[in-house]
Amino acid sequence: MAWGLAFWSLATLLTPLAANYSTASLLAVRAFFGLAEGVALPSMTTLLSRWFPSNERASAVGISMAGFHLGNVTGLLLTPIMLSTVGISGPFILFSSLGMLWLTTWAYRVTSDPLDSPFISKSELQIIQAGKNRSLASSGKRPSLRLLLSKLPTWAIIFANITNNWGYFVLLSWMPVYFNTVFNVNLKQAAWFSAVPWGTMAVSGFIAGSASDSLIKAGYSLTLVRKIMQSIGFIGPGVALLCLNYAKTPVVASVIITVALSLSSFSQAGFLLNMQDIAPQCAGFLHGIANSAGTLAAIISTIGTGYFVQWLGSFQAFLTVTAGLYFVSAMFWNLFATGERVFYD
């Protein structure tokens with residue numbers, strides 16, 4: 001995590017310089033940025049599986065991902081302002097500096113395992129260890145890639161990650177353009193309309209995590225809880241995107257998009273945690289596999305949205321297709337996902 005953040009902060013700082021030099025150098029720096037940033041979520045999955053007992057893990061993910069969403073809010077709001085006042089280099093210098101500032105605390109206070117931390121009490125360590133699955137404490141060898149991909153629960157996670165990233169990055173990348181194209185809202189105003197949903201997503205993700213942990217503590221099975229959370233995380237946004245076709249004002253559209261993204265954050269207590277359920281000894285590796293597929297979907301959706309809109313004739317038609325993908329993924333998840341361990345040492 002530390003090395004990844006150091007490198008992607010460096011890549012952020014170098015981006016405007018590379019852009020001034022050549023297109024090839026810009027693409028190389030951004031590719032380097034992507035390689036560095038790719039370690040973040042798998043590292044987070046591994047760290048949380050070690051640092052939190054099973055009945056607190058969904059809340060921990062909710063809090064962690066709140067920072068992820070609030071970062072989007074900050075970027076959407078600050079970037080247009082800084083571009084118009086400081087210039088093109090301003091946002092890159094600010095965000096890379098924040099990364100390095102964070103790194104100074106992280107590198108000296110965070111350890112990969114609570115057993116190695118000088119800042120944790122014995123009583124807290126006992127609570128963490130008592131709340132883990134026994135299987136998590138083992139250090140057995142990692143299942144092969146072939147074995148991982150031979151099981152339908154793995155594919156349920158991969159398909160869920162693809163769908164989640166498709167919808168997430170379509171909304172993240174294209175909402176300012178959507179408001180500008182459909183409602184003639186200028187891009188500075190569009191940034192405000194686009195930022196609101198990410199703020200509420202931070203709150204709803206925490207609510208989803210707390211609700212998930214409460215259901216588990218109440219005795220409901222992991223499988224049922226994961227399916228409930230993921231169903232909300234897919235069916236909710238799907239219905240909201242269909243309703244978006246009938247929005248007549250930017251305010252109504254912003255409310256509907258806010259509902260869609262708020263409900264999609266329930267996926268954090270679904271597939272994002274399920275990796276630790278089915279393969280606790282290699283949750284980070286499995287997350288890396290699923291996130292690679294999800295990132296490919298994000299690339300296709302981000303680049304292809306313009307072509308899809310042109311081909312289908314409108315943003316509304318493309319949003320309907322995305323809603324259909326949410327519904328199909330929800331069915332696949334409920335058929336094949338499980339909260340039980342699938343891969344053993």
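Structure's up top.
Since the model is a prediction, treat every value here as computed from it, not as a measurement. (Residues numbered from 1 in each chain as written. Predicted model: local features only at pLDDT ≥ 70, side-chain atom pairs only at ≥ 80, totals over all residues. Heavy atoms only, no water.)

*Asks:* How should I be thinking about the pattern of salt bridges in this particular structure?
*Replies:* One pass over the full model with this rule turns up one salt bridge. We note a salt bridge from Arg226 to Asp277, for which the minimum N-O separation is 2.6 Å. Here Asp277 lies in helix H13 (residues 271-278) and Arg226 lies in helix H11 (residues 222-244), a separation of 51 residues in the sequence. Residue Asp277 is classed as buried on the basis of its relative accessible area, which comes to 7%. (Salt bridge = Lys/Arg side-chain N within 4 Å of Asp/Glu carboxyl O. Helix = DSSP H or I, 4+ residues; strand = E, 2+ residues; numbered from the N terminus. Buried < 20%, exposed > 50% of the residue type's maximum accessible area, 1.4 Å probe, protein only.)

*Asks:* What is the right way to read the packing of aromatic side chains from this model?
*Replies:* The relative placement of two aromatic rings is captured by the distance of their centres and the angle of their planes. For the structure on display, the rule yields eleven aromatic pairs. Here the aromatic rings of Trp166 and Phe318 are separated by 6.2 Å at their centres, their planes lie at 40 degrees, and the arrangement is tilted. Of this pair, Trp166 sits in helix H9 (residues 152-183) while Phe318 is found in helix H15 (residues 315-336), placing the two residues 152 residues apart along the sequence. The class of Trp166 is buried, set by a relative accessible area of 13%. Between Phe234 and Tyr326 the ring centres are 5.6 Å apart and the planes differ by 50 degrees, which places this aromatic pair in the tilted class. Separated by 92 residues along the polypeptide, Phe234 in helix H11 and Tyr326 in helix H15 bring together distant segments of the chain. Just as Phe234 is buried, Tyr326 falls in that class too. Joined through ring pairs, the aromatic side chains of Trp3, Phe7 and Phe32 make up one cluster. (Phe/Tyr/Trp six-rings, centres within 6.5 Å; stacked < 30°, edge-to-face > 60°.)

*Asks:* I tried to follow a nonpolar patch on the surface on my own but got confused; where do I start?
*Replies:* Residues Trp3, Phe7, Leu10, Leu13, Leu14, Leu17, Phe32, Ile93 and Met100 make up a contiguous nonpolar surface patch of about 850 Å² in total accessible area. Only helix H1 (2-21) and helix H5 (90-109) provide two or more residues apiece to the nonpolar patch. Among the elements that line the nonpolar patch, the one with the most residues is H1, at six residues. Its location among the elements puts Leu13 in helix H1. (Patch = residues over 30% accessible without salt bridge, like charges linked within 9 Å, V, L, I, M, F, W, Y side chains within 5 Å. Areas by Shrake-Rupley, 256 points an atom, 1.4 Å probe, with all protein chains shown as cover.)

*Asks:* Can you help me understand helix H3 (residues 40-51) in this one?
*Replies:* Because each turn of an α-helix spans 3.6 residues, side chains separated by three or four positions in sequence point in the same direction. Here H3 contains twelve residues, and its C-alpha end-to-end distance of 16 Å stays within 8% of the 16 Å for a straight helix at 1.5 Å per residue. Counting buried positions along H3 yields ten of twelve residues, so the element is predominantly enclosed. Where H3 is concerned, the buried positions are Ala40, Leu41, Pro42, Ser43, Met44, Thr45, Leu47, Leu48, Ser49 and Trp51. (Expected span 1.5 Å × (residues − 1).)

*Asks:* Help me out: how do you make sense of the side chain of Arg226 in this one?
*Replies:* Classification of Arg226 by relative accessible area gives buried; the value is 4%. In this structure the side chain of Arg226 is engaged in a polar contact, spanning 2.6 Å, whose partner is the side chain of Asp277. Contacts of Arg226, omitting those with residues within four sequence positions, involve Ser212, Ile216, Ala269, Gly270, Leu273, Asn274, Asp277 and Trp333. (Polar contact = N/O pair within 3.5 Å; in protein donor to acceptor, adjacent residues only side chain to side chain. Contact = heavy atoms within 4.5 Å.)

*Asks:* Got a minute to help me understand the environment of Val29 in this structure?
*Replies:* Here Val29 lies in helix H2 (residues 23-37). Classification of Val29 by relative accessible area gives buried; the value is 15%. Sequence spacing of Val29 and Ala11 is 18 residues, and the spatial spacing of their C-alpha atoms is 5.8 Å. When residues no more than four places from it in sequence are discounted, the contact partners of Val29 are Ala11, Leu14, Thr15 and Ala18.

*Asks:* Where do I start with the side chain of Ser329 in this structure?
*Replies:* Relative to the helices and strands, Ser329 resides in helix H15. The residues touching Ser329, leaving out its near neighbours within four places in the chain, are Phe159, Thr163 and Phe234.

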